[in-house]
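Commentary on secondary and tertiary structure
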Amino acid sequence: MSNLTKKEGVISMGVVVVEQEKNGVTWIRINREKIRNAINLDVMDELNDALHIAEKDESRIVVLTGAGDQAFCSGGDLSVFQSLKTSEEAYKMLMKMGAVLEKILFFPKVTVAALNGTAVGGGCELSVACDFRVAAPHVKMGFVQGKLGITTGWGGGTILLQRISQAHAMEMMLSAKIYPANSLINLGIIQEIISGPFQEGVLNWLKPYLNQNAGVLQAYKARLLDSFDQLTIQNNIKREIEECSLLWATDEHHEAVNRFLTRSK
Ligand SMILES: CC[C@@H](C(=O)O)C(=O)SCCNC(=O)CCNC(=O)[C@H](O)C(C)(C)COP(=O)(O)OP(=O)(O)OC[C@H]1O[C@@H](n2cnc3c(N)ncnc32)[C@H](O)[C@@H]1OP(=O)(O)O
């Protein structure tokens, strides 16, 4: 854990901040507002460290969120990952983040993605690794990977199929469409739209859960985890990552990324 600075209840790692509240909630915040909380290798490492801290601390619920109000997370940082040209190079990066998603999926405490802003691509994948998703009214979500000539590559496709109906999951991934918040409720991917001050609203939504003691929350979380076929999920995630790695190496993918990075505004 490099660059670690600490003040009471707040651990700033560099690109991820951990805020440990006394009410039983630990917030893990990706802190790259300018670049829409895109995920590079440092974010992956620091998310890992943050999850380790949150697992061991006094919290009963762990909330993942992004800095600012424009984006929860814009997926992989295309400005750095554009340098990954071959399947082998892509595979290494995708597996690294796949491991973070698995850690969240199988986390022993209740997890919530608090969508402070838009989530696209890998940002959607990250959010579905959490048990619940709640969103500010302006939030949009889209598994846009298809527009880049790739698929979900961090295991989020496999996880999405565990979270919502097969038809809705397939619709979201195959269309690569970006959906507004009310459609996301209908698709079953978000549980609540939070109006007003966001962090306060999220805590309000969490109140019924926070009224339960840690033993009750963790026991129900264990029931959820028991309902997963962990080995099959892990195998499927690995296959998903292998397939995405193959598509990653195509000209279609590299050209689409280049179009995004060189677009005029
Ligand atoms: C790599 C893993 C793979 C997976 O396995 O799932 C993926 O994640 S693929 C998906 C990658 N992500 C994207 O394709 C999304 C790209 N971003 C956007 O579509 C938009 O930026 C946005 C997220 C919808 C937000 O739009 P808006 O609010 O209008 O902001 P800007 O577009 O002006 O962006 C501001 C600033 O941030 C930079 N940016 C945004 N997203 C990324 C990103 N994923 N990687 C790198 N940089 C990103 C953008 O270029 C702007 O920079 P400046 O022009 O320097 O201000």
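Placed above this text is the structure.
Let me sum up the structure you'll find in this document. Throughout this document, residue positions are counted from 1 along each chain, in the order its sequence is written. Thresholds applied to this predicted model are a pLDDT of at least 70 for local features of residues and 80 or more for the giving and counting of side-chain atom pairs; totals over whole chains, interfaces and linings are not thresholded and use all residues. Only heavy atoms go into the side-chain values, all of them from the structure, while hydrogens and water stay out.

Concerning the pairing of strand 5 (residues 61–66)
This is how it is decided: For each residue, the accessible area found with a 1.4 Å probe, counting protein chains only, is set against the maximum for its type, and the residue is called buried under 20%, exposed over 50%, and partly exposed in between. Helix numbering and strand numbering both begin at the N terminus, where a helix is a DSSP run of H or I of at least 4 residues and a strand a DSSP run of E of at least 2. DSSP calls a pair of strands paired once it identifies at least 2 bridges connecting them.
Of all six residues that make up strand 5, six are buried, and the element is covered over most of its length. With burial as the criterion, each face of strand 5 is covered, one bearing Ile61, Val63 and Thr65 and the other bearing Val62, Leu64 and Gly66. With six bridges joining them, strand 4 (residues 25–30) and strand 5 adopt parallel strand pairing. Bridging across to strand 5, isoleucine 28 finds its partner in leucine 64. In this structure, strand 5 lies alongside strand 7 (residues 110–115), joined through four bridges in parallel fashion. When the bridges of strand 7 are listed, isoleucine 61 appears paired with valine 110.

Side note on the nonpolar core
Worth spelling out the cut-off: Definition used in this section: a nonpolar core is a set of buried Ala, Val, Leu, Ile, Met, Phe, Trp, Tyr and Cys residues joined via side-chain atoms within 4.5 Å. When checking whether two residues touch, look at their non-hydrogen atoms; a contact exists if any pair is within 4.5 Å.
Of all hydrophobic cores here, the largest spans 84 residues; its most connected members are Ile189 and Leu206. With eight residues, helix 3 (residues 87–105) is the single largest residue contributor to this core. If we skip the residues at most four places from it in the chain, leucine 206 touches Val25, Ile61, Val63 and Val112.

Notes on the site of the ligand
Condition: Here, proximity means that at least one heavy atom of the residue falls within 4 Å of the molecule or strand. Polar contact is defined as a pair of N or O atoms within 3.5 Å, subject to the rule that within protein one atom must be able to donate a hydrogen and the other to accept it, and that residues adjacent in sequence are counted only when both atoms are side-chain atoms. Per-residue accessibility takes into account occlusion by the displayed protein chains alone, with areas from the Shrake-Rupley method and a 1.4 Å probe. Each residue is assigned to one class: nonpolar for Ala, Val, Leu, Ile, Met, Phe, Trp, Tyr, Cys and Pro, charged for Asp, Glu, Lys and Arg, and polar for all the others, Gly among them.
Residues in close proximity to the ligand total 22 residues, the closest being Ser74, Gly122, Glu125, Gln145 and Arg263. Between the ligand and lysine 34 there is a distance of 3.5 Å, counted from an oxygen atom to a backbone nitrogen or oxygen. Bound to the protein, the ligand loses 74% of the 1000 Å² it would expose on its own. Residues that form the shell around the ligand fall into these classes: eight nonpolar, eight polar and six charged.

Focus on the environment of phenylalanine 106
Along the chain, phenylalanine 106 falls in the loop between helix 3 and strand 7. For phenylalanine 106, a relative accessible area of 16% translates into the label buried. Sequence separation between phenylalanine 106 and alanine 222 is 116 residues, and the spatial gap between their C-alpha atoms is 9.2 Å. With sequence-adjacent residues up to four places away left out, phenylalanine 106 is seen in contact with Leu225, Phe228, Gln230, Ile233 and Gln234.

Considering the environment of glycine 123
Here glycine 123 shows up in helix 4 (residues 122–128). Using a relative accessible area of 0% as the deciding quantity, one classes glycine 123 as buried. With residues near it in sequence (within four places) discarded, glycine 123 still touches Phe72, Cys73 and Gly75.

Topic: the sheet that holds strand 6 (residues 71–73)
Strand order in the open sheet formed by four strands is 6-8-10-11, and the pairing between neighbours is mixed. With partners counted over all chains shown, the strands left at the sheet margins are strand 6 and strand 11 (179–180), one partner each. Taken together, the two bridges between strand 6 and strand 8 (residues 118–120) define a ladder with parallel strand orientation. If you follow alanine 71 over to strand 8, its bridge partner there is threonine 118.

Examining the pairing of strand 7
Burial analysis of strand 7 places six of its six residues in the buried class, which makes it a mostly covered element. Alternating positions in strand 7 separate into two faces, Val110, Val112 and Ala114 on one and Thr111, Ala113 and Leu115 on the other, with burial throughout. Here strand 7 runs beside strand 9 (residues 132–135); their pairing, made up of four bridges, is parallel. Within strand 9, the position partnered with alanine 113 by the bridge is arginine 133.

Structural notes on the pattern of salt bridges
Spelled out, the test is: The term salt bridge refers to a side-chain nitrogen of Lys or Arg lying within 4 Å of a carboxyl oxygen of Asp or Glu.
This structure, assessed with the given rule, holds eight salt bridges. Here aspartate 131 ties to lysine 221 by a salt bridge, and the two come within 2.8 Å at their closest N and O atoms. Here lysine 221 lies in helix 9 (residues 214–227) and aspartate 131 lies in the loop between helix 4 and strand 9, a separation of 90 residues in the sequence. A single burial state applies to aspartate 131 and to lysine 221, both of which are buried.

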